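Analysis of the macromolecular model
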Amino acid sequence: MTARRVVLVAAVAVIVFVLDRVTKIAVESNLTPGSSFDVVGQWIRISHVTNTGAAFGLLPERTTLLSILSVGAVFAIVFYYRRLAADSRLIAATLGMQLGGAIGNLVDRIGQGYVVDFVDVGLPGGPRFWSFNVADSSIVVGIIAVTLLLWWQERARGGPAATSGTASLERASSAQPRE
């Protein structure tokens, strides 16, 4: 990865990390755990939630395990994606998003034993989605974006994603000798 790409990854990671910290501190300073207020009716609320588990509340009370997995994820992101980020600024930016989010949640887990979540989305008087934060959003958007970008690159290069099943079948059948 070039020095410019490293700077881009680092800059995006720092921006995500800072936004994550600032928003979590604001929630902790202004709301007691369990309290909330409506932002867009009951559709979107800001709620102070402490999550001792992974995304979507999975593996509650497994802070040590999740911290170890988070450190592993940070290393995997840095080492695995460095080749991919060399090809594209957008892919480098998605790497920064994932890295900043992973570090943001890791800091919470190590420092507090839980992650502060606060975005609460759901139906008025009905089911609610799991609460999340800036770090979670950044990780999910980064993963979706890198997946789409890699698919698009593969398609542009004429790789396997570029051919539909029908086109592949047509080429295969036309390559067969006819009698």
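So, a few notes on the structure that sits alongside this text.

The rules behind these values
- Residues numbered from 1 in each chain as written.
- Predicted model: local features only at pLDDT ≥ 70, side-chain atom pairs only at ≥ 80, totals over all residues.
- Heavy atoms only, no water.
- Helix = DSSP H or I, 4+ residues; strand = E, 2+ residues; numbered from the N terminus.
- Buried < 20%, exposed > 50% of the residue type's maximum accessible area, 1.4 Å probe, protein only.
- Contact = heavy atoms within 4.5 Å.
- Areas by Shrake-Rupley, 256 points an atom, 1.4 Å probe, with all protein chains shown as cover.
- Pairing = 2+ DSSP bridges.
- Phe/Tyr/Trp six-rings, centres within 6.5 Å; stacked < 30°, edge-to-face > 60°.
- Axes fitted to C-alpha atoms, helices over the stretch in contact; angles between N-to-C directions.
- Expected span 1.5 Å × (residues − 1).
- Polar contact = N/O pair within 3.5 Å; in protein donor to acceptor, adjacent residues only side chain to side chain.
- Salt bridge = Lys/Arg side-chain N within 4 Å of Asp/Glu carboxyl O.

**Regarding the overall build of the chain**
- Within the chain one finds five helices and three strands.
- Written out in order from the N terminus, the α and β elements of the chain read α-β-β-α-α-β-α-α.
- Across the 179 residues of the chain, 35% fall into the buried class.
- Restricting the contact set of the chain to residue pairs at least 6 apart, pairs at least 24 apart contribute 63%.
- Of the roughly 10800 Å² that the chain leaves accessible, carbon and sulfur atoms contribute 68%.

**Describing the pairing of strand β2 (residues 44-51)**
- For strand β1 (residues 36-40) and β2, the ladder comprises four bridges, and the chain directions are antiparallel. Looking at the pairing, Ser-36 lines up with Ser-47 of β2.
- What sits between the antiparallel neighbours β1 and β2 is a turn of three residues, in which Gly-41 has the positive phi angle 55°.
- When β2 meets strand β3 (residues 115-121), the two strands line up antiparallel, connected through six bridges. Of the residues in β3, the one forming a bridge with Ile-44 is Val-121.

**Topic: the packing of aromatic side chains**
- Going through the model one piece at a time under the given rule, you end up with two aromatic pairs.
- The interplanar angle of 75° and the centroid separation of 6.3 Å between the aromatic rings of Phe-129 and Phe-132 together place this pair among those described as edge-to-face.

**Quick word on the sheet that holds β3**
- Here we have three strands laid out as an open sheet, ordered β1-β2-β3, and antiparallel in their pairing. Since the sheet does not close on itself, it has two edges, and those belong to β1 and β3, each with one partner. The sheet shows a mean angle of 30° between the axes of neighbouring strands, direction not considered.
- Contacts from helix α1 (residues 3-30) reach β2 and β3 within the one sheet, and its direction differs from that of β3 by about 85°.

**Considerations on helix α4 (residues 134-156)**
- With 23 residues, α4 should reach 33 Å at 1.5 Å per residue; the first-to-last C-alpha distance of 32 Å fits that figure.
- Among the residues of α4, Ala-135, Asp-136, Ser-138, Gly-142, Val-146, Leu-149 and Gln-153 are the ones counted as buried.
- Of the residues flanking the start of α4, the one acting as N-cap is Asn-133, its side-chain oxygen 2.9 Å from the backbone nitrogen of Ala-135.
- In the stretch just after α4, Gly-158 is the one whose phi turns positive, near 85°.

**Some words on α1**
- Along its 28 residues, α1 runs 40 Å from first to last C-alpha, staying within 8% of the 40 Å computed at 1.5 Å per residue.
- Burial in α1 covers these residues: Arg-5, Val-9, Val-12, Ala-13, Val-16, Asp-20, Arg-21, Lys-24 and Val-27.

**Looking at the pattern of salt bridges**
- Counting across every chain of the model gives five salt bridges.
- In this structure, the salt-bridge partner of Lys-24 is Asp-20, at a minimum N-O distance of 2.8 Å. In this pair, Lys-24 and Asp-20 both sit in helix α1, four residues apart, roughly one turn of the helix.
- Lys-24 sits in the buried class, given a relative accessible area of 0%.
- Overall, the relative accessible area of 0% leaves Asp-20 in the buried class.
- For Asp-120, the salt bridge goes to Arg-45, with nearest N and O atoms at 3.7 Å.

Nothing here speaks to function; it is all geometry.
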